[in-house]
Amino acid sequence: MTAAGRLGSLTPHPAAILVLSFVNTHAGGRGEQLEDAEGLRQWLSAAGHPDDAVSDADAATAREFRDALQTLLLAHAQQDASPLEEVAHAEARLVRIADNAPLCAVVSREATTLVPARNGLWGAFGALLAAITELDSAGLWQRIKACRNEICHEGFLDRSRNASAIYHGPSCASMVSMRAYRQRKKDSR
Ligand SMILES: [Zn+2]
């Protein structure tokens, strides 16, 4: 199926749901959900990778992983406006995560899927990396974006026909244009 065909489907893409549920643990003006071990434990069990042994240091690693992903999602929404250095830093961080989250290719007659080789926390990180790979194969990775409104940064799947959305919804689009309008008025005084 083409990317556009998949977008037209009413069923949300499971890989997109997983990635967005992770990225949106600190977005949209909500508080930090991965503040400590307890917050991480809750996210892991909701994501189907329960791990009771995680620590506050693991929560810090999870936040680093998430923030690196958010940087790339913002780059998807900003076309060429993202600082290259920031993007390179985020990509390097993702390589370090991937080093500890190996994936196995499971090949069948119908399809090949990547599954995490580890359990618990690093299994969840592997599942996120596998989900991103799957989204990329489906032509959807560039459409996973973070809202450009700086007080929002909510992750979303851009379902627009020409992949041009930069805000996660109309409320952020109007907030940003209102802010720009006020700024122009102030500047012209
Ligand atoms: Zn937004």
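That block above? That's the structure.
Since this is a predicted model, take the numbers as computed values, not measurements. (Residues numbered from 1 in each chain as written. Predicted model: local features only at pLDDT ≥ 70, side-chain atom pairs only at ≥ 80, totals over all residues.)

*Asks:* Hey, could you go over the overall build of the protein for me, with residue numbers and the actual values?
*Replies:* For the protein, the count of helices and strands is seven helices and four strands. Listing the helices and strands of the protein from first to last along the sequence gives α-α-α-α-α-β-β-α-β-β-α. Overall, the C-alpha framework of the protein stretches about 65 × 40 × 30 Å when taken along its three principal axes. Expressed as a percentage of the 189 residues in the protein, the buried residues total 33%. (Helix = DSSP H or I, 4+ residues; strand = E, 2+ residues; numbered from the N terminus. Buried ≥ 20, exposed ≤ 12 C-beta atoms within 10 Å, placed from the backbone.)

*Asks:* Give a description of the nonpolar core that names residues and reports values.
*Replies:* If you look at the biggest cluster of nonpolar residues, it comprises 44 residues, and the most contacted ones within it are Val19, Val23, Leu73, Leu128, Ala131 and Leu135. For this core, the secondary-structure elements that each account for two or more residues are helix 2 (14–23), helix 3 (37–46), helix 4 (56–78), helix 6 (120–137) and strand 3 (144–146). (Core = buried A, V, L, I, M, F, W, Y, C linked by C-beta atoms within 7 Å.)

*Asks:* Requested: an account of helix 7 (residues 170–188), with residues and values cited.
*Replies:* Spanning 19 residues, helix 7 covers 27 Å between terminal C-alpha atoms, matching the ideal 27 Å at 1.5 Å per step. Taken across its 19 residues, helix 7 has one buried, putting it largely on the surface. (Expected span 1.5 Å × (residues − 1).)

*Asks:* Go over the environment of valine 54 with me, naming the residues and quoting the values.
*Replies:* Here valine 54 is to be found in the loop between helix 3 and helix 4. Here the alpha-carbon distance between valine 54 and glycine 28, two residues 26 residues apart in the chain, equals 26 Å. Look past the residues within four positions of valine 54 in its chain and what remains in contact with it is Ala37, Leu40, Arg41, Leu44, Ala59 and Leu121. (Contact = placed C-beta atoms within 7 Å.)

*Asks:* Residues and numbers for the packing of helix 2 against helix 6, please.
*Replies:* Helix packing for two helices is described by the angle between their axes and how far apart those axes are. The interhelical angle for the contact between helix 2 and helix 6, taken along N-to-C directions, is 130°, at an axis separation of 9 Å. Of the possible angle classes, the one that applies to helix 2 and helix 6 is oblique. In the packing of helix 2 onto helix 6, the handedness of the crossing is left-handed. Taken together, the residues of helix 6 that come into contact with helix 2 (itself represented by Ala15, Ala16, Leu18, Val19 and Phe22) are Ala127, Leu128, Ala131, Ile132, Glu134 and Leu135. (Axes fitted to C-alpha atoms, helices over the stretch in contact; angles between N-to-C directions. Parallel < 35°, antiparallel > 145°, perpendicular 65-115°, else oblique. Left-handed = near helix turned anticlockwise from the far one by under 90°.)

*Asks:* With reference to specific residues and values, describe the packing of helix 3 against helix 4.
*Replies:* Relative orientation of the contacting elements helix 3 and helix 4 amounts to 65°, with a least axis distance of 8 Å. Crossing of helix 3 against helix 4: the hand is left-handed. On helix 4, the residues touching Ala37, Gly39 and Leu40 of helix 3 are Asp56, Asp58, Ala59 and Ala62. Of the residues contributing to the contact of helix 3 with helix 4, the split by class is four nonpolar, one polar and two charged. (Nonpolar A, V, L, I, M, F, W, Y, C, P; charged D, E, K, R; others polar.)

*Asks:* Tell me what's going on with the pairing of strand 1 (residues 103–107), and back it up with residues and numbers.
*Replies:* Little of strand 1 is tucked away: zero of the five residues are buried. Where strand 1 meets strand 2 (residues 112–116), five bridges bridge the pair, whose relative direction is antiparallel. Counted as the bridge partner of valine 107 is threonine 112 from strand 2. The antiparallel pairing of strand 1 with strand 2 creates a hairpin that spans four residues between the two strands. (Pairing = 2+ DSSP bridges.)

*Asks:* Can you break down unusual backbone geometry residue by residue, with the values?
*Replies:* One non-glycine residue, histidine 153, lies in the positive phi region at around 60°. Taking the C-beta count within 10 Å as the criterion, histidine 153 has 22 such neighbours and is therefore assigned buried. Backbone geometry at alanine 163 places phi at a positive 55°, although glycine is not the residue there.

*Asks:* Talk me through the environment of isoleucine 132; I want residue IDs and the actual numbers.
*Replies:* Tracing the backbone through its elements, the reader meets isoleucine 132 in helix 6. Among the residues examined, isoleucine 132 registers 21 C-beta atoms within 10 Å and is labelled buried. Among residues more than four places away in sequence, those in contact with isoleucine 132 are Val19 and Trp141.

*Asks:* Now, about the environment of leucine 103: what can you tell me, with residues and values included?
*Replies:* Relative to the assigned elements, leucine 103 resides in strand 1. Residue classification places leucine 103 among the partly exposed positions, given that 17 C-beta atoms sit within 10 Å. For the pair leucine 103 and methionine 178, spaced 75 residues apart in sequence, the C-alpha to C-alpha distance is 46 Å. Not counting the four nearest positions on each side in its chain, leucine 103 is found in contact with Leu114, Val115, Pro116, Ala117, Gly126, Leu129 and Ala130.

It is worth stressing that arrangement in space is one thing and function is another; only the former is reported here.
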